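# Breakdown of the fold
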Amino acid sequence: MHIIDKSTGTHTDQNGAFHLQVPLSIPVRVVFQAMGRRQVQKVVFRDTDKVAADTIIMGVKAETLEDVTVRADRKREEAGLIAVDASQARVNPSAVGGIEGLLKTFVGSNNELTSQYSVRGGNYDENLVYVNGFEIYRPFLVSSGQQEGLSFINADLTDNVRFYTGGFQAKYGDKLSSVLDVSYQDPGRNGGSAYLSLLEQGLSLKGISGDKKFTYLIGLRNKTNRNVIKSQATTGNYIPSASDLQGLFVYRFSNTFRIELLGDYNKTKFQFYPEETKLTASVFSPYYVANYGVNIDFKGSERDNYSTAFAGLTGVVTPNDHTELKFMGSYYQDREKQEQDILGAYEFGQRDENGNILDDPENLLGQGVNQSYARNNLRINVLSLQHQGSWKTGRHFLQWGATFQRQEIDSKIDQWNYSDSAGYSLPIGGDQLTLNDYMHSRDRFNIQRLSGYIQDNAHFGNTNIYTLQWGVRANYNDLNEELLISPRAGFSFKPGHWKKDIVFKASAGMYAQPAFYREMVTMDGALNKAIKAQKSLQGVLGLDYQMRLFNRPARLTSEIYYKHLYDVIPYDIDNVRIRYYGHNNAEAYVAGWETRLFTQFVKDADSWLSLGVMQAKEKIDGLSYQEYYNQAGELITAGSRDKVATDSTTASVGWLRRPTDRLITFGLFFQDYLSTNKNFKVYLNTVYGTNLPFNIPGSTKYRNALEIPAYLRMDIGFSALLLDGSKRRKKHAPFKGVKDIWASFEIFNLINRDNTISFMLLKDFSNQTYALPNRLTPRLVNFKIAIDW
């Protein structure tokens, strides 16, 4: 205790007794303090020098300590795991942006207009996405990247990102390829951020109450990428818009109990009034002809609406330092509507040096009309109830969980394409009008699913460090009454006596993917509700090497993997539209090698590069074609149809490339700054991938025989720090509470490469098929300004 404004003070003895001398006839304020007790101030006035007794009562001080999150650095021990720095998403120059734009530097891409990605030979439907423990879905009817809106994940609210490219744990759900596990921030202060660009705008707020029991995150985004998609080959009026509102609210009732509410509403509209397009064509096998093209004049429009809503409530109980129990409930609602009626009149033939089709009747290869019509409606509701728990004891970390899920699906599909060539329909149907692509169905049904898992993470050893991660999950649904059991295990070993810091790791397991909505839809639009889950056996071997490169910290990871898939549902990919055959009539395999280097090519500037080599093939049951022979036993080829066939045999197509088969994938994220001023920075994002197969509908022998050329994309961004809040400024200076303000200038598709996303297929008068490449975006610029406070 002491007298305020005086150096006079004293301490109590072990019994709490004290003696303090105060001046006479002068009121003084005495402060009484004790560890763990509330501070007491008292005014003391003495007009006599006699000793006076006084009793001071100090109540117990109730302190709320800030939560401290301790994370074990297990990113080196788990196979297939990439720990992504979410802060890099804000500076990564990418037309799609966000966390997914960052992931593409690791797994590659073939479309800058979509946030979808393919991992180790799987399509996007084979990827799991979690935000704060809740599985996240996205619209199912989107068929092109230009129709897409905003991803659920808001990079400005994100704290921790764990991305598994394979070999993931039993606690994660039932998909075949990857897991993206995102955790949002736990704010310790009040603040926010905002950004404004030609493509997207966003505002985020975060805060904490005075008693530190309540925290919140709020994010609002709006996307208008009209400037990007209007530069495509098809001219017309593009009217895209997307926006979402998202929030995470946490209340801590005590140190052992808290509740979390995660909510999101996302709405996307896409309107398109096409006018005309000019494409360059090449004829498909056995001939290849250049300098041919097609002109198409359009009438009609496309109008799409997609809206999703999500709410998830979590109660977390931590009765002690070793146990955590979570009780979770969520509701997801999806509403999708597609309306399309577009008529395209076309003619194609040889082009002159100016790119115009020659005005010569003998040059004209074909002309006609294509009509695309769609009236599709989809409503999906998903209700989930979950329990997750964990218990830490000794060297073991035990985790378990159980989920009940009810899926309600209401689908109405009415979609067709009609092709007319010089007065007759394709394919030719005699007196009947035949559509070359027709889908029609009306279905309404429910699915109840039960799933659960148990797993243990164990650490052993003193000098040599071993980790063993094993578990099993189960899944059952009442639609086809299929029970799935999926054991999984992972192992890592770090030699303690080695001078080099290397961790060896491996994983193996069974993975299954029960069909949701899209896998059930057959090529004619009907739903196969008896379809089984796709299944795979997977194995991964890898190493993680931490070292010094250029006298700076670096990390090298390398993995080889193999997947054997059975009960496979074959599919085609056109742009981002995945069309399943709706039957478990194939087997497949995927084999590959991936290596990644994380380093600082420039001091204090993190960069990385990724390289992958892969092969993905499939064999479809009963897929065969007829081969015809003449009297001499010679095979009659497409160029020798004048020879009369006297015999024929059935030939099996055998193993074919899967739609995601890409031999080489390369990604680079590089950042640098001016040596004289670190506030001026540059970021380079490069993605390269070799060719992909593309299917000719109705062709058995030449399934996936067309090739989409290699994809190469380079985006660059330049950033400047306009205001640095860490520097001391005057009390009344503008932007006093601002941390920093950044301005960025981005150039998308720096090398202006015309990448191909798909092909439009047309037939000429002689029934020869021509492949007309649909191009992606040319070089574009974007300006962005971001502020944090």
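Residues numbered from 1 in each chain as written. Predicted model: local features only at pLDDT ≥ 70, side-chain atom pairs only at ≥ 80, totals over all residues. Heavy atoms only, no water.

Next up on the list: the environment of Gly 622. Examined against the element boundaries, Gly 622 turns out to sit in the loop between β28 (605–620) and β29 (624–629). For the pair Gly 622 and Ala 586, spaced 36 residues apart in sequence, the C-alpha separation works out to 9.2 Å. (Helix = DSSP H or I, 4+ residues; strand = E, 2+ residues; numbered from the N terminus.)

What follows concerns the packing of aromatic side chains. Throughout the structure, instances matching the rule amount to 32 aromatic pairs. Taken together, a centroid distance of 5.8 Å and an interplanar angle of 85° make the contact between Tyr 117 and Phe 163 edge-to-face. With Tyr 117 in the loop between α1 (98–107) and β5 (127–131) and Phe 163 in strand β7 (residues 158–164), the pair connects residues that are 46 residues apart, well separated along the chain. Where Phe 694 meets Phe 759, the ring centres are 5.6 Å apart and the plane angle is 70°; that geometry is what we call edge-to-face. Linking Phe 694 in strand β34 (residues 692–694) with Phe 759 in strand β38 (residues 756–763), this pair joins segments that are 65 residues apart in sequence. With a relative accessible area of 5%, Phe 694 lands in the buried category. (Phe/Tyr/Trp six-rings, centres within 6.5 Å; stacked < 30°, edge-to-face > 60°. Buried < 20%, exposed > 50% of the residue type's maximum accessible area, 1.4 Å probe, protein only.)

Core analysis: the largest hydrophobic core is formed by 61 residues, its most contacted members being Ile 99, Tyr 117, Phe 163, Leu 180, Tyr 184 and Tyr 517. In terms of residue count, α1 provides more of this core than any other element does, 5 residues in total. If we ignore the near neighbours within four places in the chain, the residues touching Phe 163 are Gly 80, Leu 81, Ile 82, Val 84, Leu 103, Val 107, Tyr 117, Val 119, Ser 178, Val 179 and Leu 180. Tyr 511, Val 568, Ile 620 and Leu 623 belong to the second-largest nonpolar core, a separate cluster that totals 23 residues. (Core = buried A, V, L, I, M, F, W, Y, C linked by side-chain atoms within 4.5 Å. Contact = heavy atoms within 4.5 Å.)

Model confidence for the protein chain is summarised by a mean pLDDT of 87, while 84% of its residues fall at 70 or above. In this model residues 284–290 is a low-confidence stretch, pLDDT under 50, and it forms 14 contacts with partners more than four residues away in sequence or in other chains. (pLDDT = per-residue confidence, 0-100.)

In this section: a nonpolar patch on the surface. Nonpolar side chains collect at one region of the surface, where Leu 196, Leu 198, Phe 718, Leu 722, Phe 745, Val 781, Phe 783 and Ile 785 lie side by side and expose about 730 Å² of accessible area between them. Elements with a minimum of two residues in the nonpolar patch: β36 (711–724) and β40 (780–788). It is β40 that provides the largest number of residues to the nonpolar patch, a total of 3 residues. Within the secondary structure layout, Val 781 lies in strand β40. (Patch = residues over 30% accessible without salt bridge, like charges linked within 9 Å, V, L, I, M, F, W, Y side chains within 5 Å. Areas by Shrake-Rupley, 256 points an atom, 1.4 Å probe, with all protein chains shown as cover. Salt bridge = Lys/Arg side-chain N within 4 Å of Asp/Glu carboxyl O.)

To continue, consider a negative patch on the surface. Together, Glu 275, Glu 276, Asp 297 and Glu 347 make up a region of like negative charge exposed at the surface. The topology assignment puts Asp 297 in strand β14 (residues 292–320). For Asp 297, a relative accessible area of 47% corresponds to the partly exposed category. (Lys, Arg positive; Asp, Glu negative; His and termini not counted. Charge placed at Lys NZ, Arg CZ, Asp CG, Glu CD.)

Under the counting rule described, the total for this entry stands at 10 cavities of 30 Å³ or more. The computed volume of the largest cavity comes to approximately 410 Å³. Residue lining of the largest cavity: 27 residues in total, with Val 96, Gly 97, Gly 98, Tyr 195 and Glu 200 positioned closest to the centre. Taken together, the elements giving at least two residues each to the lining of the largest cavity come down to α1, β9 (191–197), β11 (214–223), β37 (740–748) and β40. Taken together, the residues of the lining of the largest cavity sort by class into 9 nonpolar, 10 polar and 8 charged. Empty space within the second largest cavity amounts to approximately 200 Å³. (1 Å grid on protein atoms, 1.4 Å probe; cavity = no way out; pocket = protein on both sides within 12 Å on 5 of 7 lines; lining within 4 Å. Points joined across faces, edges and corners; volume = space filled by probe spheres on them. Nonpolar A, V, L, I, M, F, W, Y, C, P; charged D, E, K, R; others polar.)

What follows deals with the pattern of salt bridges. Pairing is possible between side chains that carry opposite charge, provided their charged atoms lie close to one another. Here the structure, examined in full by the defined rule, presents 33 salt bridges. Between Asp 437 and Arg 579 there is a salt bridge; the shortest N-O distance is 3.1 Å. On the criterion of sequence distance, the pair formed by Asp 437 in strand β19 (residues 437–460) and Arg 579 in strand β26 (residues 577–580) is long-range, its members being 142 residues apart. For Arg 579, a relative accessible area of 17% translates into the label buried. Among the ionic pairs, Arg 555 bridges to Asp 544, the shortest N-O distance being 2.7 Å. Residue Arg 555 is found in strand β24 (residues 552–568), and its partner Asp 544 is found in strand β23 (residues 534–549); the two are separated by 11 residues along the sequence. Like Asp 544, Arg 555 is buried. Put simply, Arg 76, Lys 494, Asp 501, Asp 544 and Arg 555 are held in one network by salt bridges that share partners.

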